[in-house]
Amino acid sequence: RQAMEDADGARGHFEPPVMRASPAANLKYKVLVLSDQFGFVNDAAEVAKDGSSMISVRGAVTDGPSRMRLGLLPVRPPQRRTANIIAYDDHVVWEHMSTVRGAERYLENMFPQVDWSKALEPGELDRFVAASGGRFPTPQAPNRLAYVPPPHRDSNKRGDEECVAAVLLGDAAHCFPPDLGQGVNSALEDVLVLDEALEHSRDLYRATSPVEIGRYAATRYRRKREPDARALVNLVAVGYPWQYSQPGRIQSFRTKLWALNYLLRAALHRALPAWFWPACFLMVQNYTDESYGTIWRRAQRTTWRIVVLLVTVLGAAIVSVMRSASMFGAAAV
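Computed from a prediction, not measured in an experiment: that's the story for all the values here.

### Thoughts on the overall build of the protein chain
- For the protein chain, the helix and strand inventory stands at 11 helices and nine strands.
- Against the globule reference of 20 Å for 333 residues, the protein chain gives a C-alpha radius of gyration of 26 Å, more extended than a compact globule.
- A principal-axis box enclosing the C-alpha atoms of the protein chain has dimensions of 85 × 80 × 35 Å.
- Relative to its 333 residues, the protein chain shows a buried fraction of 39%.
- Residue pairs at least 24 apart in sequence account for 68% of intrachain contacts in the protein chain once pairs closer than 6 positions are excluded.
- Only carbon and sulfur atoms are counted for the fraction: they give 57% of the accessible area of the protein chain, which is about 19200 Å².
- One way to put it: in the protein chain the 40 positive side-chain charges average out to a point 8 Å from where the 35 negative ones average out.

Pasting the structure below:
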């Protein structure tokens, strides 16, 4: 992106990107690779063996700044399951798991329902402790997804001396935490949109130079994909950012507000499906044929309608109270 920004004359089209605040941004994560013998000490062994389902393992501490849980994503054989440990930098988990012995004690005490004698291969904790881990990025996207330089003034010098165009795909086009599980999906969709743009350009400029095909394809890709890239960043910022058990009273309160909003949208959608849409997390999962832009617009319309509904109900309640008070005062006289 920086190279494209420099080539574009540092006009802010590619750097810095447009960012959206998210409570999931900047969370640190490390991954434990589980063995084939992973299981629980109770009768939930079959659940552990079913790699097609998502599993959330709650820790012994379920409240306060030390709470923790393991997230096990679905996999297909012969891939092994992994357990994700995700927390802010100041969480006690990183201090406990800075040594192999400390990691053993922490896992056994925090997650006693897991049979740790079989859950990890020999040497896995050594690898885990030595690994630096990763960090969730802030949801972001550049203003433009393609750079199309001005055409060369001398048409005889076209070819290797001229940059046809450059496009951004995948994380370079839209970067965000894995809250909605759309990283790979959106990157593949970028490729499909670019392929369609190239095919359309070939049909239009088949008799002309490949330079014109590339320039037109990049422009078409940019115009079709940029609205969806921005919408996707917005969706991730509000879709499901509180799923990582972020500690703190304010975070806990905001998690409850998010859950209330989720339930309210679900109830309104069941009652009036033509007027209200479910939470954008569900729309992304269930309406796979719809674009991110369409889903984001539906989410925004639903938000405004909920606001209007709440204001109407509140206004009606105030009017009702005032009428009751007026009637009571008249009766008293």
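### Details of the pattern of salt bridges
- Applying the stated criterion across every chain yields a total of 15 salt bridges.
- Across the pair Asp89 and Arg135 runs a salt bridge whose closest N-O atoms are separated by 3.0 Å. Linking Asp89 in the loop between strand E5 (82–87) and helix H3 (92–96) with Arg135 in strand E6 (residues 134–135), this pair joins segments that are 46 residues apart in sequence.
- Here Arg135 falls in the partly exposed class, since its relative accessible area comes to 39%.
- With its nearest N and O atoms 3.5 Å apart, the salt bridge here joins Glu226 to Arg222.

Thresholds, definitions, all that
- Residues numbered from 1 in each chain as written.
- Predicted model: local features only at pLDDT ≥ 70, side-chain atom pairs only at ≥ 80, totals over all residues.
- Heavy atoms only, no water.
- Helix = DSSP H or I, 4+ residues; strand = E, 2+ residues; numbered from the N terminus.
- Rg over C-alpha atoms; globule rule 2.2 N^0.38 Å.
- Buried < 20%, exposed > 50% of the residue type's maximum accessible area, 1.4 Å probe, protein only.
- Contact = heavy atoms within 4.5 Å.
- Areas by Shrake-Rupley, 256 points an atom, 1.4 Å probe, with all protein chains shown as cover.
- Lys, Arg positive; Asp, Glu negative; His and termini not counted.
- Charge placed at Lys NZ, Arg CZ, Asp CG, Glu CD.
- Salt bridge = Lys/Arg side-chain N within 4 Å of Asp/Glu carboxyl O.

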